[in-house]
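# Structural characterization, general
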Amino acid sequence: MKRLPSTISGLSFYFYKKQPISFFLFFIAPIILILDSTVIPYALKMVIDAVEGNTDKSNIFEVIKPAVILGSSAWIGLILLMRLQNWWQAYVIPAFQADIRMTVLDYVTKHSYQYFCNKFTGTLSNKINDLAVAMESLRFIVTWSIIATAVVTVASILTMMTINIMFSLIMTIWIIVSMFIIVVKAKHVNNIAEINADNQSDIGGVFVDILTNIIPVKLFAKQNFENSLAQDVQNIEKISNKKLILAANIYRWWIDIPVTIMMGVMLYTLIYYWQQDKISTGDFVFVINSSFLIINQLWYFSQSLTELFRVVGTIRQSLQLIEHPFDIVDAPDAKELDVTNGKIEFKNVTFHYNKGTKIFNNKNITINSGERVGLVGYSGSGKSSFVNLILRFFDVESGQITIDDQNIAAVTQESLRHNISMIPQDTTLFHRTVFENIKYGDQAATDEQVYAASKKAHCHEFITKLPQGYDTIVGERGSVLSGGQRQRIAIARAMLEDAKILILDEATSALDTITEKMIQESL
């Protein structure tokens with residue numbers, strides 16, 4: 001099974017390469033900021049020099065015409081290119097985020113049954129959505145903070161060199177010092193950001209756990225208890241969030257100090273060179289404007305770093321979805337399971353959960369075609385494990401399980417489970433209509449086949465009495481229906497699938513004895 005890249009750069013490139021031209025244009029888009037940061041200020045310099053050096057005011061418009069044309073063209077070009085880039089984002093970014101969500105969802109659902117037993121479903125859902133949002137935030141910050149800062153800085157420094165190399169030297173030294181501070185101080189803030197992102201994900205998981213189990217919460221009057229547990233998790237997040245904000249503010253102070261020193265040195269040097277007639281008034285104004293533009297860009301960059309650290313922390317926390325290896329995978333040459341008779345055999349099967357007591361040790365058993373076999377035993381004796389191994393929710397340690405002499409470890413998991421109908425004791429339904437839940441057993445089934453399966457499962461009668469009949473939404477996990485009603489819908493779903501092998505896990509335990517007898521006859 002192909003793994004997704006588990007690094008930020010690798011995962012970014014994985015999705016960017018699907019729309020290479022679009023994202024290439026996005027990342028070079030900051031080049032247009034040269035118009036605002038360099039060309040327009042230079043046009044202003046040209047106007048000032050022209051006005052200052054012209055004694056005949058009657059032809060002033062003719063004198064400044066080249067500068068006006070240059071500045072106006074740069075301004076109009078900046079507006080058009082920015083708006084064009086924003087327009088194009090509307091077509092690219094929603095598709096980019098949707099691709100991330102669906103790709104990661106498809107990847108996560110390939111994990112084993114045991115993986116989901118040990119995870120908060122709310123946390124998993126939050127991580128998938130957070131990853132899509134954070135990946136776009138990362139692209140935006142890299143484009144309009146990091147790349148934009150580099151473009152503006154390089155363009156301004158090169159233009160300053162045409163005036164006097166001293167100004168470029170002062171600016172370059174300041175930038176090197178600032179970048180050194182960023183590299184040294186950023187790691188600490190980044191670590192706190194990752195902790196905070198993890199804490200935020202924990203909050204989402206706890207909230208979903210409480211809301212999902214709202215019935216026992218109310219039955220045992222534990223609202224205050226659950227709120228207290230949630231508050232404990234929230235307090236941890238609040239502390240890490242506070243630490244992140246404070247660390248980011250201290251980080252900005254370290255950047256502000258060299259800014260102040262640089263501006264003092266730059267201003268003194270400008271005045272000195274102007275006194276010596278080594279630069280014009282226009283040069284003076286241009287260097288000051290460029291310096292402030294770079295300062296503003298770097299300040300914006302330092303502020304964006306707080307968000308960058310938070311985003312990187314969120315992405316790394318979400319990458320845990322991808323970093324976790326698959327427990328159950330199809331063999332490289334896995335084939336489709338072909339069930340003709342349905343004979344199931346355990347051949348010297350040994351199995352235990354993690355490092356616990358062995359549940360099966362060299363287990364041998366044969367269930368022949370057409371046989372109806374019941375498993376009876378104490379809790380923990382291995383009844384559910386027996387079923388889970390047939391469904392390959394877990395892999396055996398040694399030995400093999402075969403269906404019609406085909407090793408289930410050598411066939412695709414999808415084909416294996418497609419040939420088995422499972423009706424669990426604890427029935428959960430999708431938050432969809434009754435009709436959709438029953439048709440889930442066979443998406444190609446006709447309406448008549450759905451109704452026929454419902455009648456066999458003896459649920460047609462109560463379904464027709466629901467407010468919207470078959471179009472009634474059953475609520476989360478089927479909460480609108482009773483336990484017996486949910487079981488009958490699950491039975492109808494399994495009947496509609498009509499698989500070669502049928503497994504019942506106390507599938508009629510919530511039914512009255514009369515209905516149970518009728519359904520057993522239908523089965």
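Keep in mind that what you see is a predicted model, and the values were worked out from it rather than measured.

## Examining the overall build of the chain
The secondary structure content of the chain amounts to 18 helices and 6 strands. In terms of overall dimensions, the chain is more spread out than a globule: its C-alpha atoms have a radius of gyration of 34 Å, far above the 24 Å expected for 523 residues. When the backbone C-alpha atoms are referred to their principal axes, the chain occupies close to 110 × 55 × 50 Å. Taking all 523 residues of the chain together, the buried fraction comes to 43%. Counting every atom, the chain has about 28300 Å² of accessible surface; 60% of that belongs to carbon and sulfur.

## Things to note about the nonpolar core
Grouped together as the largest cluster of nonpolar side chains are 73 residues, with contacts concentrated most on Phe167, Met171, Trp174 and Ile315. Sorting the residues of this core by element identifies α1 (8-16), α2 (20-28), α4 (60-108), α6 (121-163), α7 (165-212), α9 (223-275), α10 (281-318) and α11 (320-323) as the ones contributing at least two each. Contacts of Ile315, omitting those with residues within four sequence positions, involve Ile8, Leu131, Ala134, Met135 and Leu138.

## A look at the sheet that holds strand β3 (residues 398-403)
Hydrogen bonds between backbone atoms are what pair the strands of a sheet, whose relative direction is either parallel or antiparallel. Here we have 4 strands laid out as an open sheet, ordered β2-β1-β3-β4, and antiparallel in their pairing. The open sheet terminates on both sides in strands that have one partner only, identified here as β2 (360-367) and β4 (406-407). Here helix α12 (residues 383-390) sits on the sheet and contacts β1 (344-351), β2 and β3; the angle it forms with β1, its principal contact strand, is near 115°.

## Considerations on the side chain of Ser291
Here Ser291 is to be found in helix α10. Overall, the relative accessible area of 0% leaves Ser291 in the buried class. The residues contacting Ser291, other than those within four sequence positions of it, are Met160, Met171, Met263 and Met266.

## Notes on the packing of helix α3 (residues 33-52) against α4
Each pair of packed helices can be described by the angle between their axes along with the distance between the axes. Interhelical geometry of α3 versus α4 gives an angle of 170° and a closest axis separation of 9 Å. Taken together, the axis directions place α3 and α4 in an arrangement best described as roughly antiparallel. Along its contact with α3, which presents Leu35, Asp36, Val39, Ile40, Ala43, Met46, Val47, Ala50 and Val51, the element α4 presents Ile60, Val63, Ile64, Pro66, Ala67, Leu70, Gly71, Ala74, Trp75, Gly77, Leu78 and Leu81. Tallied by class, residues from the contact of α3 with α4 come to 18 nonpolar, 2 polar and 1 charged.

## A look at the packing of α1 against α4
Between α1 and α4, the least distance of the axes is 10 Å, while the angle of their chain directions is 115°. The handedness of the crossing between α1 and α4 comes out as right-handed. Packed against α1, whose contacting residues are Tyr14, Phe15 and Tyr16, the element α4 presents Phe96, Asp99, Ile100 and Thr103 at the interface. Along the lines of polarity and charge, the residues of the contact of α1 with α4 split into 5 nonpolar, 1 polar and 1 charged.

## Remarks on the environment of Asp442
Its location among the elements puts Asp442 in the loop between α14 (434-439) and α15 (447-456). Counting along the chain gives 239 residues from Asp442 to Ile203, while the straight-line C-alpha distance between them is 37 Å.

## Some points on the pairing of strand β6 (residues 501-504)
Because side chains alternate across β6, one face comprises the buried residues Ile501 and Ile503, and the other comprises Leu502 and Leu504, none of which is buried. As paired strands, strand β5 (residues 420-423) and β6 are joined by 4 bridges and run parallel to one another. Residue pairing across strands places Ser421 opposite Leu502, the latter belonging to β6.

Reading the values: the criteria
- In this convention, every chain numbers its residues from 1, walking through the sequence in written order.
- For this predicted model, a pLDDT threshold of at least 70 governs which residues receive local features, and a threshold of 80 or more governs which side-chain atom pairs are given and counted, while totals over whole chains, interfaces and linings are taken from all residues.
- Hydrogens and water molecules were not included; the side-chain quantities draw on all heavy atoms of the structure.
- Strands here mean DSSP runs of E at least two residues long; helices mean DSSP runs of H or I at least four residues long; both are numbered from the N terminus.
- As defined in this context, the radius of gyration uses C-alpha atoms, and a globule is described by 2.2 Å times the residue total to the power 0.38.
- Exposed residues in this analysis have more than 50% of their type's maximum accessible area, buried residues have under 20%, and partly exposed residues fall in between, with area computed by a 1.4 Å probe over protein chains only.
- Using a 1.4 Å probe, the Shrake-Rupley method yields the accessible areas, and only the shown protein chains count as cover for residues.
- Throughout, nonpolar core names a set of buried Ala, Val, Leu, Ile, Met, Phe, Trp, Tyr and Cys residues whose side chains join them through atoms within 4.5 Å.
- Any two residues having at least one pair of non-hydrogen atoms within 4.5 Å are treated as being in contact.
- For two strands to be treated as a pair, DSSP must find no fewer than two bridges joining them.
- Angular values range over 0 to 180 degrees, each being the angle between N-to-C directions of two axes fitted as lines to C-alpha atoms, with helices fitted over their stretch in contact.
- Oblique is the label for every angle not falling under 35 degrees (roughly parallel), over 145 degrees (roughly antiparallel), or within 65 to 115 degrees (roughly perpendicular).
- By the convention adopted, Pro, Cys, Tyr, Trp, Phe, Met, Ile, Leu, Val and Ala count as nonpolar, Lys, Arg, Asp and Glu as charged, and the other residues, Gly among them, as polar.
- Handedness of a crossing follows from how the near helix is turned relative to the far one, being left-handed for an anticlockwise turn of less than a right angle and right-handed for a clockwise one.

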